[in-house]
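So you can see what is in the structure, the chains are spelled out below.
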Amino acid sequence: MPFDPARDDGTYLPDPARYERMPYRRAGASGIRLPAISLGLWQNFGDDRPLAGSRAILRRAFDLGITHFDLANNYGPPYGAAEKNFGRVFAEDFRPYRDELIISTKAGYDQWPGPYGDLGSRKYLLASLDQSLARMGVDYVDVFYSHRFDPDTPLHETMGALDSAVRQGKALYVGISSYSPQRTEEAIEILTALGTPLLLHQPSYSLLNRWIERGLLDVLEHRGVGAIVFSPLGQGLLTDRYLQGIPEDSRVSRGEAFDAQLLSEENLARVRALNEIAARRGQSLAQMAIAWVLRDPRVTSALVGARTAGQLADTLKSLEHLAFSVAELSEIDRYATEGGIDIWKESSRL
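Quick caveat, the model's predicted, so the values are computed rather than measured.

Caption draft 1: Focus on the sheet that holds strand β7 (residues 171-177). Ordered in space as β3-β4-β5-β6-β7-β8-β9-β10, the 8 strands form a closed barrel in which the pairing is parallel. Direction aside, the axes of adjacent strands within the sheet are offset by 30° on average. Here helix α4 (residues 155-167) sits on the sheet in contact with β6 (141-146) and β7, set at roughly 155° to β7.

Caption draft 2: Inspection of empty space enclosed by the protein at higher detail. Counted under the stated rule, the structure contains 1 cavity of 30 Å³ or more. Considering only enclosed or pocket space, the largest cavity measures out at about 30 Å³ in volume. As for the largest cavity, its lining consists of I32, L34, H68, I102, V143, Y173, L199 and L200. Within the lining of the largest cavity, the residues separate by chemical class into 7 nonpolar, 1 polar and no charged.

Caption draft 3: Quick peek at the packing of helix α5 (residues 181-194) against helix α6 (residues 216-223). At a minimum axis separation of 9 Å, α5 and α6 run at an interaxial angle of 20°. For the element pair α5 / α6, the angle class is roughly parallel. Considering only the axes of α5 and α6, their crossing is right-handed. Here α5 contributes P181, T184, E185, I188, E189 and T192 to the contact with α6, which in turn contributes L216, V219, L220 and R223. When its residues are assigned to classes, the contact of α5 with α6 shows 5 nonpolar, 2 polar and 3 charged.

Caption draft 4: Structural context of the pattern of salt bridges. Within this structure, the stated rule accounts for 27 salt bridges. For D142, the salt bridge identified is with R98, shortest N-O distance 2.9 Å. Of this pair, D142 sits in strand β6 while R98 sits in the loop between α2 (81-94) and β5 (102-107), and the two are 44 residues apart along the sequence. In this structure D142 comes out as buried when scored by relative accessible area, which is 5%. Here R98 falls in the buried class, since its relative accessible area comes to 9%. Measuring nitrogen to oxygen at the nearest pair gives 3.1 Å for the salt bridge that ties R270 to E266. Of this pair, R270 and E266 both sit in helix α7 (residues 265-281), 4 residues apart, which is roughly one turn of the helix. Residue class for R270 comes out buried when judged on its relative accessible area of 13%. Ionic contacts of the salt-bridge type, sharing partners, join the residues R55, R59, E92 and D93 into one network.

Calculation rules
- Residues numbered from 1 in each chain as written.
- Predicted model: local features only at pLDDT ≥ 70, side-chain atom pairs only at ≥ 80, totals over all residues.
- Heavy atoms only, no water.
- Pairing = 2+ DSSP bridges.
- Helix = DSSP H or I, 4+ residues; strand = E, 2+ residues; numbered from the N terminus.
- Axes fitted to C-alpha atoms, helices over the stretch in contact; angles between N-to-C directions.
- Contact = heavy atoms within 4.5 Å.
- 1 Å grid on protein atoms, 1.4 Å probe; cavity = no way out; pocket = protein on both sides within 12 Å on 5 of 7 lines; lining within 4 Å.
- Points joined across faces, edges and corners; volume = space filled by probe spheres on them.
- Nonpolar A, V, L, I, M, F, W, Y, C, P; charged D, E, K, R; others polar.
- Parallel < 35°, antiparallel > 145°, perpendicular 65-115°, else oblique.
- Left-handed = near helix turned anticlockwise from the far one by under 90°.
- Salt bridge = Lys/Arg side-chain N within 4 Å of Asp/Glu carboxyl O.
- Buried < 20%, exposed > 50% of the residue type's maximum accessible area, 1.4 Å probe, protein only.

In short, the description is geometric, and any link to function would need to be established separately.
Written out as structure tokens, the structure is:
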């Protein structure tokens, strides 16, 4: 799609104070530090949105110190569109700053028809990475992920493909997403033996989806692997959007997120209670939800999306109040219980 003619055609010059605004956290035992908040391009960067809006979000992100942009091969719509659109903005705005960026992509879910466009085979992963690099117009990504565990492909094959991506110079580091604690241990062992250590695990984690506290965080801490958590806002449930019902323009009403049945009165009661705690802290619920996932030092970064540049700036205000008292955490624990919103649980249970 063409750039919106209303966009600013001026040369992009990032804010010189960008690194003064963002705390950076070390990813496990590696030499890499990630911004406490990273930008995910899962939503709002496909061909269903004006490219000018996506460009504005990316520019604001970098101006605010967000150096990490996270993609996947099938982010869109249609599949691949987020990478393509990111690549167009990268070419015009960010290419001079490539060495200041962490760009990641993933493969593991369906991307093209037939038996070789899904899951965890060597053929699929390496072919997908080649396609991703072409769409984005970059020579390499900083992190290449196995997007989910594939029970029908030997884990040695999947991890061997990640190792090959590094040895071919197409990725600097490797990661996995939504792997169980046991499979994570196995992946770490294989990658360590191959000489390509695991840099990051990307699991879902939020006030209403706490599965990583049951073993995974302990594994990552013990093995020196970073955690970058996605969906810290529970796909929008942990905001004020659903306190009065389901808005017509929400992702739930459009069928793009969790089933509307998960907006049960029980879940909404939890959200309302958490919203009251956030208000007493002087934060929005969304800001508190992000601060809460960052309370654990084992979490390297929180991966967030944004509909607008202004929304992203508001999200980053969560970094202004990261501390929680013991009393606050105790009260939060009364309501921060499993809400049945983990739509990725099949992968993490295998």
